[in-house]
Amino acid sequence: MRAVVLGAAAGGGFPQWNSNAEACRRARRGDPAARSRTQASLAVSGDGERWFLINASPDLRQQIEARPCLHPRVGLRSSPIEGVILTGADVDAVGGLLHMRERQAFALYATQRMLDVLEANPIFEVLSPECVRRYAVPLGESFQPRHVDESGSGLEVELFDVPGKVALWLEAGRPLDELAGAPGDTVGVEVRSNGKRLLYIPGCAAINEALRHRLREASVVLFDGTLWQDDEMIRQGLGPKSGRRMGHMSVSGPDGTLAAFRDIPVGRKILIHINNSNPILLDDSRERAGVEKEGWEVAYDGMEVQP
Ligand code: MLT
Ligand code: MN
C-alpha cells in the first residue's frame, strides 16, 4: 500500500483566503517554516498506479496538478483516480467532487447518510450516474474497492463511526444537542493491505472505547489535528466557535489527542486536517516541538506514507 497526503490543512486551507493572521502572512511570504497546505485529503493505492482518494477537497484540482502520480497517462482522457471514499459531507470533503465532472468514470463510496446528502443537493448531479457509481457502504463492514475496469485494488477498506458533527452547511434548523448527528455522518476510514492497517480520521470529537480499540496497533494513524486548544479561534479573535462546537477534539490539554494516545500503541502517528490557527503548522513553534517530542508527525502536502 502507498499513501500520499494531498492536503494537510483543515477547511479553509493554510493560508486561508481571508486570514491576515501572522502565520498566514508567513505562509504567503513563502517562509519555509510556514509551509502552505491545501485542504485535507489522502490518496491511497494498492498497486502504486491506481488511486483512491479519501475525500475530494475543494483544492483537488491543484492537488492533482501537484502530484504526477495523479496525472492522466493513457489516451486523450483518463485518470488514475479510480474512486473517492468520503468521511463526511463537509465542504472540505465533498467540494472537490465538483472538479470531477468531466464525464470520467470512477466510484464513490460513502455511508447512506452521506449519499442522501449528495442526492438531496442537485449540484452533485454534475457527476453523471452513467460515469460515477455511488456505493452505500455500511459501517463496520469491509469491502474491496475495485478499479473501474473491475480489477481488484488489493485494498480492503472499512468505514467506522467516530464521534463528530453534521456538516457545517447542514447545521441550520438543528438544535445544538442534535449537531453531533447520527452514525454515518462522520466516519473514519481503515485501509488494510498485506497485514498493514492505515487509519484516516480527519474529524473526531472524542476518543471512545470502540475507537481506542480500533486504533491499537494500527500501522499508521492520520488523525484530526484541527486545533491546538479548544478556544484558540476565540482567543485569536478569529471567530466565536470552540473546537468542541465544531466537532473536533484539540491536540493539547487533558482531554486532548496527545494525552489520549499516550497509552495507545500505534506504529506511526500523524496529525492532519490542521486549522490555520494551530501553531503546530509552524516548524519553529514550541507547540510543534512538543508534538514531535511525543512521537507525532505533522502532515504536509506531498507527504508519502508507506505503511
Ligand atoms: C470542519 O472540519 O469543522 C469543517 O470542515 C468546517 C468547514 O466546513 O469549514
Ligand atoms: Mn473539515
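Attention here is on the structure that accompanies the text. (Residues numbered from 1 in each chain as written. Chains lettered and ligands numbered in written order. Predicted model: local features only at pLDDT ≥ 70, side-chain atom pairs only at ≥ 80, totals over all residues. Heavy atoms only, no water.)

### Comments concerning the overall build of the protein
Part 1 of the reasoning: Along its length, the protein carries nine helices and 13 strands.
Part 2 of the reasoning: In terms of overall dimensions, the protein is globule-like: its C-alpha atoms have a radius of gyration of 18 Å, near the 19 Å expected for 307 residues.
Part 3 of the reasoning: In terms of overall dimensions, the protein has C-alpha extents of about 50 × 40 × 40 Å along its principal axes.
Part 4 of the reasoning: The proportion of buried residues among the 307 residues of the protein is 55%.
Part 5 of the reasoning: Across the protein, the fraction of contacts at a sequence separation of at least 24, relative to all contacts at a separation of at least 6, is 68%.
Part 6 of the reasoning: Of note, the protein has its 36 positive side-chain charges centred 4 Å away from the centre of its 41 negative side-chain charges. (Helix = DSSP H or I, 4+ residues; strand = E, 2+ residues; numbered from the N terminus. Rg over C-alpha atoms; globule rule 2.2 N^0.38 Å. Buried < 20%, exposed > 50% of the residue type's maximum accessible area, 1.4 Å probe, protein only. Contact = heavy atoms within 4.5 Å. Lys, Arg positive; Asp, Glu negative; His and termini not counted. Charge placed at Lys NZ, Arg CZ, Asp CG, Glu CD.)

### Looking at helix α4 (residues 112-119)
Part 1 of the reasoning: Within the sequence span of α4, burial applies to Met114, Leu115, Val117 and Leu118. Each buried residue of α4 sits inside an arc of 155 degrees when the element is viewed along its axis, so together they form one side.
Part 2 of the reasoning: Of the surrounding secondary structure, the elements contacted by the buried residues of α4 are α3 (91-94), β5 (106-110), β6 (132-136) and β8 (187-193). (Arc of directions from axis to C-beta.)

### Observations regarding unusual backbone geometry
Part 1 of the reasoning: Omega for the peptide link from Phe14 to Pro15 comes to 0 degrees, which places this bond in the cis form.
Part 2 of the reasoning: Structurally, Pro15 is set in the loop between β1 (2-7) and α1 (22-29).
Part 3 of the reasoning: Phi angles above zero are rare outside glycine, and Asn55 is one such case at about 75 degrees.
Part 4 of the reasoning: Not every positive phi belongs to a glycine, and His273 is a case in point at roughly 60 degrees.
Part 5 of the reasoning: Locating His273 in the fold gives a position in the loop between β11 (268-272) and α9 (286-293).
Part 6 of the reasoning: Classification of His273 as buried rests on a relative accessible area of 8%.

### Describing the side chain of His273
Part 1 of the reasoning: Within the structure, the side chain of His273 is placed 2.8 Å from the side chain of Thr226, a separation counted as a polar contact.
Part 2 of the reasoning: When neighbours within four sequence positions are excluded, His273 is seen to be in contact with Ala8, Ala9, Ala10, Gly11, Ala40, Asp92, Pro202, Asp224, Gly225, Thr226 and His248. (Polar contact = N/O pair within 3.5 Å; in protein donor to acceptor, adjacent residues only side chain to side chain.)

### Observations concerning the sheet that holds strand β13 (residues 304-305)
Part 1 of the reasoning: The seven strands lie next to each other as β6-β5-β4-β3-β2-β1-β13, forming an open sheet whose pairing is mixed. Sheet topology places β6 and β13 at the edges, where each strand pairs with a single neighbour.
Part 2 of the reasoning: Relative to strand β4 (residues 81-85), strand β3 (residues 51-54) runs parallel, the two sharing four bridges. Note on β4: the bridge partner recorded for Leu53 is Val84.
Part 3 of the reasoning: Against the sheet, α4 makes contact with β5 and β6, and its axis sits at roughly 140 degrees relative to β6, the strand it touches most. (Pairing = 2+ DSSP bridges. Axes fitted to C-alpha atoms, helices over the stretch in contact; angles between N-to-C directions.)

### So, the coordination of the manganese ion (ligand 2)
Part 1 of the reasoning: Within the protein, the atoms that donate to the manganese ion (ligand 2) are Asp92 (OD) and His273 (NE2), at distances of 2.1 to 2.2 Å. In this pair, Asp92 is assigned in helix α3 and His273 in the loop between β11 and α9, connecting sequence segments 181 residues apart.
Part 2 of the reasoning: A residue is classified by how much of its surface remains accessible, and Asp92, at 13% relative accessible area, is buried. (Donors = N, O, S within 2.8 Å, 3.2 Å for Na, K, Ca; no water.)

### What to know about the sheet that holds β8
Paired through their backbone hydrogen bonds, the strands of a sheet run either parallel or antiparallel.
Part 1 of the reasoning: Reading across from one edge, β7-β8-β9-β10-β11-β12 is the order of the six strands in this open sheet, with mixed pairing throughout. Two strands bound the open sheet, and with one partner strand each, they are β7 (156-161) and β12 (296-298). Across this sheet, the average inter-strand angle for adjacent strands is 20 degrees, counted without regard to direction.

### A look at the environment of Val291
Part 1 of the reasoning: By the secondary structure assignment, Val291 is in helix α9.
Part 2 of the reasoning: Between the C-alpha atoms of Val291 and Leu258, which are 33 residues apart in sequence, the distance is 7.4 Å.
Part 3 of the reasoning: If we ignore the near neighbours within four places in the chain, the residues touching Val291 are Trp228, Val251, Leu258, Leu271, Ile280, Trp296 and Val298.

### Section: the site of ligand 1
Part 1 of the reasoning: The environment of ligand 1 is formed by Asp90, Asp92, Leu168, Met246, His248 and His273.
Part 2 of the reasoning: Burial of ligand 1 by the protein chains amounts to 77% of its free accessible area of 270 Å².
Part 3 of the reasoning: Its residues assigned to classes, the shell around ligand 1 shows two nonpolar, two polar and two charged. (Near = heavy atom within 4 Å. Areas by Shrake-Rupley, 256 points an atom, 1.4 Å probe, with all protein chains shown as cover. Nonpolar A, V, L, I, M, F, W, Y, C, P; charged D, E, K, R; others polar.)

### Remarks on the pairing of β8
Part 1 of the reasoning: Burial analysis of β8 places seven of its seven residues in the buried class, which makes it a mostly covered element.
Part 2 of the reasoning: Residues Val187, Val189, Val191 and Ser193 of β8 are buried on one face, and the alternating residues Gly188, Glu190 and Arg192, pointing to the opposite face, are buried as well.
Part 3 of the reasoning: Sheet topology note: the β7/β8 ladder contains six bridges and is antiparallel. By the bridge assignment, Glu158 is partnered in β8 with Glu190.

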